[in-house]
Each structure stands twice: as structure tokens, then as C-alpha cells.
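Observations on the model geometry
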Amino acid sequence: MTTPPAPGRRRILDRWRLVSPSGAAVVSLRQLPKRERARLLAPSVFTTLNMISGFASVLLAFRGHFTLAAVLIAFSIVMDIADGFVARLVGATSPFGLQLDSLADLISFGVAPAVLVHTWALDEWPLLAYLVAFFWLACAAFRLARFNVTIDPAADKRYFVGLPSPGAAVVVVATIFALDSPMWGPGSGPWRAWFPMLVSIVPALLMVMTIRFRSFRNLLAPGTPRAKVGTGVVAVLVLLGFAVAPGLTGLVLAYGYVLTAPLGVLTAPVRARLFGPDAVAPPRSRMPSVFLSIEDDDEVDVIDVFDLGGSAAASAGDPRGEG
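Residues numbered from 1 in each chain as written. Predicted model: local features only at pLDDT ≥ 70, side-chain atom pairs only at ≥ 80, totals over all residues. Heavy atoms only, no water.

1. Observations regarding the overall build of the protein
A count of helices and strands for the protein gives nine helices and two strands. Going residue by residue from the N terminus, the α and β elements of the protein occur as α-α-α-α-β-α-α-β-α-α-α. When burial is assessed residue by residue, the protein has 37% of its 323 residues classed as buried. A separation threshold of at least 6 residues defines the contact pool for the protein, and within that pool the share at least 24 residues apart is 75%. Counting every atom, the protein has about 18500 Å² of accessible surface; 69% of that belongs to carbon and sulfur. (Helix = DSSP H or I, 4+ residues; strand = E, 2+ residues; numbered from the N terminus. Buried < 20%, exposed > 50% of the residue type's maximum accessible area, 1.4 Å probe, protein only. Contact = heavy atoms within 4.5 Å. Areas by Shrake-Rupley, 256 points an atom, 1.4 Å probe, with all protein chains shown as cover.)

Structural data, given as C-alpha cells:
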């Protein structure tokens, strides 16, 4: 219970109270102690930095500063990872954090990469550029909306279903770092845009597909001494790679991660036979449709949510972000 303000110092917003859609009482942040308020707001600081960096990338892309715009998207990815890590560390996960994180991700990994590809590679063909940019943005928005409504705490947290939006953005970032010119390979006229289109369309499609991608959660949060050693070795190799050949290292990491999913599907029977069932993704389970309400209609069949694009709930064990 808060102490009423002194006469003559009544705050303008004191008469306003937050009310949830369910009617449950909502505690305003200004009713909490400063320490508790800082703990709850800490993850959102990183989420806000993610959003600001993504928006700045859009502005720089329109001005032709493509490399710097790509750097800012990479920074957004780091902030997206950090907000989830901090939220778990301080125990400050919340529905508000989930929604704010998704809105920030739509800007940083939906709008920013779409604009970057549009201005970097396809600006010469406006109609083609618009279609490709819109397609990327639509796939990113669909994925993030689906993620918000299909969080399953019991899901296998080793896997994403579909390419996470930061992983898709990495493909664009790494390509721009590695290539001086977007026009690569044979062709003339609009056909010269085949490679930028491939870089844009394939990751966008993978975001909404049901194919599984490893989350590599054990690398970000190692739980055993052996895992910590493995994380340290990987970190050293990645840093050395970026120091020696940053463009090539980025391409290997980005394109290699994209290839892990189809290669995982192809090698699943062999891995299951050699290393046991834990070496492959568990069987998919049916979940309610993300589009249809079936509570009041017995005639509507339960739709496999994975047939509609799957759930990204396996991302990180908490609802903040999929990075």
C-alpha cells in the first residue's frame, strides 16, 4: 500500500489505475520499491536497445550506409540474447516483456533486414524490391505472432520450430559483410538479382516452416564443467575467426546454422541409431490451432499447430525472445 502524496503535490496520474483484460488487479511500477522496480525493468532496457538499434539500422540503410546498418542489426541480436538472459537471471519474465520483445524483434529482424536488402541489392528494380521486402516482413510478423500464442513450457527447449528471426537476420548481415557487391554470379538485368533474392526469400520461408533448428541453449548457458569448456572453446574459435577473416567467419556461421536443419533431418535416422533417441528431435505433438477457437465447437477438428508453422516455444525456456 502506498503513502498518499502530501497536499499540493498530487501527481497527475494518481487517479489512473491499470486494469488487465481479465479484471485482475495490476500493480503499478511506482508502487514498488526502487530495487524491485529496477529488477523488473532490467530486461526491458536491453529490449529497448534492441528496438532502437533496429530502427537506426533502417535509417542508415535508406542513407546508403549498408555496412553500419548491418552492424546495428548484429547489435540488436546481441541485445535480444541479453534481454532473455537477464530476465532469467533476475527472475523478471513477464507477459509485458514478451510483448515488448516481440515488437522490438519485428522492427530489428523484420523491418530492418527487409529495408536493408531492399536498399542494398534490389533498389534498381523497385517492384521486385517491394515484393521481396514485404515477403520478409510478412514472414517475420507471422512467426513472431505465432510464437506469442503457442508458448509451451513443456516443449523441448533444445529446438526451435522454424528458423528464429534473429537467425534469419544473421544471413542478411553476414552476406553484406562478406560481399562488396550484391550482384554475384551470371545473369543480366533483373536476373542479376537472383542471389539477393535467394538470401532474402529462403530465410524468410524457413522462419514460417516447421523444420527444427537447434537452439544451442547449452552453449549460452552451460550447466556442467564440460559444457563450460565447450562454450569457451567455441567462443575462442569464433573470436579468432572474426579477427582473421570476419566476412568468411560470418558466412560460415550464418549459412552453417541454416544448413543444420536440413542436414539434421537427413541424418536423423543414423544419429538415432548411433547415439540414441535423445540425439534427434522428439516427435511432434498436436496443439490447438493458433487461428481457430475450438472450445465451443465440437465439430471443428483439432489442427496440428506444427502444420500451420509450429511453435517457437522451444526457444529459451522463458517467453522473452527467440534469439
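Back to the write-up after that little detour.
2. Side note on the environment of phenylalanine 213
Of note, phenylalanine 213 is situated in strand S2 (residues 212-214). You can call phenylalanine 213 buried: its relative accessible area is 0%. As for phenylalanine 213 and valine 265, which are separated by 52 residues in sequence, their C-alpha atoms are 9.9 Å apart. Not counting residues up to four positions away in its chain, the partners in contact with phenylalanine 213 are Arg158, Tyr159, Phe160, Gly162, Leu163, Leu206, Tyr257, Val258, Thr260 and Ala261.

3. A look at the side chain of aspartate 105
Looking at the secondary structure, you find aspartate 105 in helix H3 (residues 95-120). Buried and unpaired, aspartate 105 has no salt bridge, with arginine 143 as the nearest side chain of opposite charge at 8.5 Å. (Lys, Arg positive; Asp, Glu negative; His and termini not counted. Salt bridge = Lys/Arg side-chain N within 4 Å of Asp/Glu carboxyl O.)

4. Section: the confidence of the model for the protein
With 67% of its residues at a pLDDT of 70 or more, the protein has an overall mean of 75. In this model, residues 296-318 is a region of pLDDT below 50 whose contacts with residues beyond four sequence positions or in other chains number 73 contacts. (pLDDT = per-residue confidence, 0-100.)

5. A word on helix H9 (residues 246-275)
Helix length check: H9, at 30 residues, gives a terminal C-alpha distance of 34 Å against a target of 44 Å (1.5 Å per residue), a shortfall beyond 12%. Along H9, the largest kink reaches about 60 degrees and is centred on threonine 267; proline proline 269 follows within four residues of it. The inward-facing, buried residues of H9 abut strand S1 (159-161), helix H5 (165-178), helix H6 (194-208), S2 and helix H8 (225-244). Glycine 276 sits one or two residues past H9 and shows a positive phi near 95 degrees. (Expected span 1.5 Å × (residues − 1). Bend = angle between axes of the 7 residues up to and from the residue.)

6. Some remarks on the side chain of arginine 143
Relative to the helices and strands, arginine 143 is located in helix H4 (residues 126-149). A polar atom in the side chain of arginine 143 sits 3.0 Å from the backbone oxygen of methionine 207. (Polar contact = N/O pair within 3.5 Å; in protein donor to acceptor, adjacent residues only side chain to side chain.)

7. Here's the deal with helix H2 (residues 66-90)
Across its 25 residues, H2 extends 36 Å between first and last C-alpha, which sits within 8% of the 36 Å expected from 1.5 Å per residue. Remark: glycine 91 follows H2 within two positions and exhibits a positive phi of approximately 65 degrees.

8. Here's the deal with a nonpolar patch on the surface
On the surface, Val229, Val233, Val236, Leu237 and Leu240 cluster together into a nonpolar patch covering about 470 Å² of accessible area. Looking at the secondary structure, you find leucine 237 in helix H8. (Patch = residues over 30% accessible without salt bridge, like charges linked within 9 Å, V, L, I, M, F, W, Y side chains within 5 Å.)

9. Side note on the packing of H5 against H9
Put simply, H5 and H9 touch, their axes get as near as 8 Å, and they point 150 degrees apart. Considering their axes alone, H5 and H9 lie roughly antiparallel with respect to each other. H9 is crossed by H5, and the crossing has left-handed handedness. Facing H5, whose interface residues are Val170, Val171, Ala174, Thr175 and Ala178, H9 presents Gly247, Gly250, Leu251, Ala254, Tyr255 and Val258. Tallied by class, residues from the contact of H5 with H9 come to eight nonpolar, three polar and no charged. (Axes fitted to C-alpha atoms, helices over the stretch in contact; angles between N-to-C directions. Parallel < 35°, antiparallel > 145°, perpendicular 65-115°, else oblique. Left-handed = near helix turned anticlockwise from the far one by under 90°. Nonpolar A, V, L, I, M, F, W, Y, C, P; charged D, E, K, R; others polar.)

10. Points about the packing of aromatic side chains
Applying the stated rule across the entire model yields two aromatic pairs. Considering the side-chain rings of tyrosine 130 and phenylalanine 134, the 6.3 Å spacing of their centres and the 20 degrees angle between planes classify their relative orientation as stacked. Of this pair, tyrosine 130 and phenylalanine 134 both sit in helix H4, separated by four residues, roughly a single helical turn. On the basis of relative accessibility, which here comes to 43%, the residue tyrosine 130 falls in the partly exposed class. The class of phenylalanine 134 is exposed, set by a relative accessible area of 55%. On the basis of an interplanar angle of 40 degrees and a centroid distance of 5.6 Å, the ring pair of phenylalanine 213 and tyrosine 257 is categorised as tilted. Of this pair, phenylalanine 213 sits in strand S2 while tyrosine 257 sits in helix H9; the two residues are 44 residues apart in sequence, bridging distant segments of the chain. Neither phenylalanine 213 nor tyrosine 257 differs from the other in exposure class; each is buried. (Phe/Tyr/Trp six-rings, centres within 6.5 Å; stacked < 30°, edge-to-face > 60°.)

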